[in-house]
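Here are the chains, one letter per residue:
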Amino acid sequence: DTEVTQTPKHLVMGMTNKKSLKCEQHMGHRAMYWYKQKAKKPPELMFVYSYEKLSINESVPSRFSPECPNSSLLNLHLHALQPEDSALYLCASSQVGQSNEKLFFGSGTQLSVL
Amino acid sequence: GEDVEQSLFLSVREGDSSVINCTYTDSSSTYLYWYKQEPGAGLQLLTYIFSNMDMKQDQRLTVLLNKKDKHLSLRIADTQTGDSAIYFCAEHGSGNTGKLIFGQGTTLQVKP
């Protein structure tokens, strides 16, 4: 099983809303990632969790708040987003978060901010 | 810094071979990857090659690696309409993290 599951698949929210994106994997991976992808562009790293601790934050605005409640789950809490935050948000996982590991991606959440 | 470059677009006829090229800068990357992204979908790990290999074949896919020139290619034999997608090559960033650096992606259009 190499599946990473993301919910919801689509999300529309206003600039004053609070919402959360969810990601789950059952491969026993201890590293989980959030990537942001704009249309026709490559994914860009936002956050990395390794052993449930935040190890990389790529200078992401505080209106994005990640959370890793356990080794299988990763959340991204959204608050006061801007229209330019509309994008595909991809979750990924790998074994422990080192440079010789394959990353497995979910199918993403397509977010629209109105 | 790390940089991965790809051509943006390739159009082929069904049944032909497709070759997608990529150049990278960080020669310390242990693995190099090819991901496929269909419209509205996430990234699917298509294949990968260990940095001490020159070639890897997996059914219709052949990956060639030229470490001296830092050049990676993906050849798809007998290209089908279902192969139409964006193909990203990727390498690991510097430091011992799982961070992947992606190329801009090559859109492969397969004409019937």
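For the structure, check the block above.
So, here's what we can say about the structure.

Rules used throughout
- Counting of residues starts from 1 at the beginning of each chain's written sequence and follows it residue by residue.
- As they are written, the chains are lettered A onward and the ligands numbered 1 onward, keeping that order.
- Selection of residues for local features in this predicted model requires a pLDDT of at least 70, selection of side-chain atom pairs for listing and counting requires 80 or more, and totals for whole chains, interfaces and linings are taken over all residues.
- Hydrogens and water are ignored here; the side-chain numbers use all heavy atoms of the structure.
- Pairing of aromatic rings covers Phe, Tyr and the six-membered ring of Trp, with a centre-to-centre limit of 6.5 Å; geometry is then stacked below 30 degrees between planes, edge-to-face above 60, and tilted otherwise.
- We count a stretch as a helix when DSSP gives it H or I for four or more residues in a row; a strand needs E for two or more, and each element gets its number in order from the N terminus.
- Classification of residues uses two cut-offs on accessible area relative to the type maximum, computed with a 1.4 Å probe and protein chains only: under 20% is buried, over 50% is exposed, and between them is partly exposed.
- Residue contacts follow a heavy-atom distance rule, with two residues in contact if any of their heavy atoms lie within 4.5 Å.
- Any Lys or Arg side-chain nitrogen located within 4 Å of an Asp or Glu carboxyl oxygen qualifies as a salt bridge.
- Any pair of N or O atoms that falls within 3.5 Å is considered a polar contact. Within protein, one atom must be able to donate a hydrogen and the other to accept it, and sequence-neighbouring residues count only if both atoms are side-chain atoms.
- Three categories are distinguished: nonpolar for Ala, Val, Leu, Ile, Met, Phe, Trp, Tyr, Cys and Pro, charged for Asp, Glu, Lys and Arg, and polar for the others, with Gly belonging to the last.
- When the sulfur atoms of two cysteines come within 2.5 Å, that pair is taken as a disulfide.

### Focus: the packing of aromatic side chains
Residue and element names in this part refer to chain B.
Here's step 1: What the rule picks out here adds up to twelve aromatic pairs over all chains.
Here's step 2: Look at Y31 and Y48: their rings are 5.6 Å apart centre to centre, the planes differ by 70°, and that puts the pair in the edge-to-face class. Taken as a pair, Y31 in strand β4 (residues 31-37) and Y48 in strand β5 (residues 43-50) lie far apart in primary sequence, 17 residues in all.
Here's step 3: Judged by its relative accessible area of 25%, Y48 falls in the partly exposed class.
Here's step 4: Between Y33 and Y48, the aromatic rings sit 6.4 Å apart at their centres with planes inclined by 40°, giving tilted as the arrangement. Of this pair, Y33 sits in strand β4 while Y48 sits in strand β5, and the two are 15 residues apart along the sequence.

### Thoughts on the interface of chain B and chain A
Here's step 1: Across the boundary between the two partners, chain B contributes 21 residues, which contact 23 residues of chain A.
Here's step 2: Between B:K99 and A:E58 there is a salt bridge, with the nearest N and O atoms lying 2.7 Å from each other.
Here's step 3: Counting across the interface, chain B meets chain A through eight residue pairs in polar contact (both at pLDDT 80 or more).
Here's step 4: Of all the secondary structure elements, the ones that give two or more residues to the side of chain B that touches chain A are β4, β5, β9 (85-92) and β10 (100-102) of chain B.
Here's step 5: It is β4(B) that contributes the most residues to the side of chain B that touches chain A, four residues altogether.
Here's step 6: Looking at the side of chain B that touches chain A residue by residue, the classes come out as ten nonpolar, ten polar and one charged.

### Description of the state of the cysteines
Residues and elements named next belong to chain A.
Here's step 1: Taken as a whole, this structure holds two disulfides over all chains when the rule is applied.
Here's step 2: Disulfide partner of C23: C91, at an S-S distance of 1.9 Å. In this structure, the disulfide formed by C23 and C91 twists by about -70° around the S-S bond and is classed as left-handed. With C23 in strand β3 (residues 18-25) and C91 in strand β9 (residues 87-94), this pair connects stretches of sequence that are 68 residues apart.

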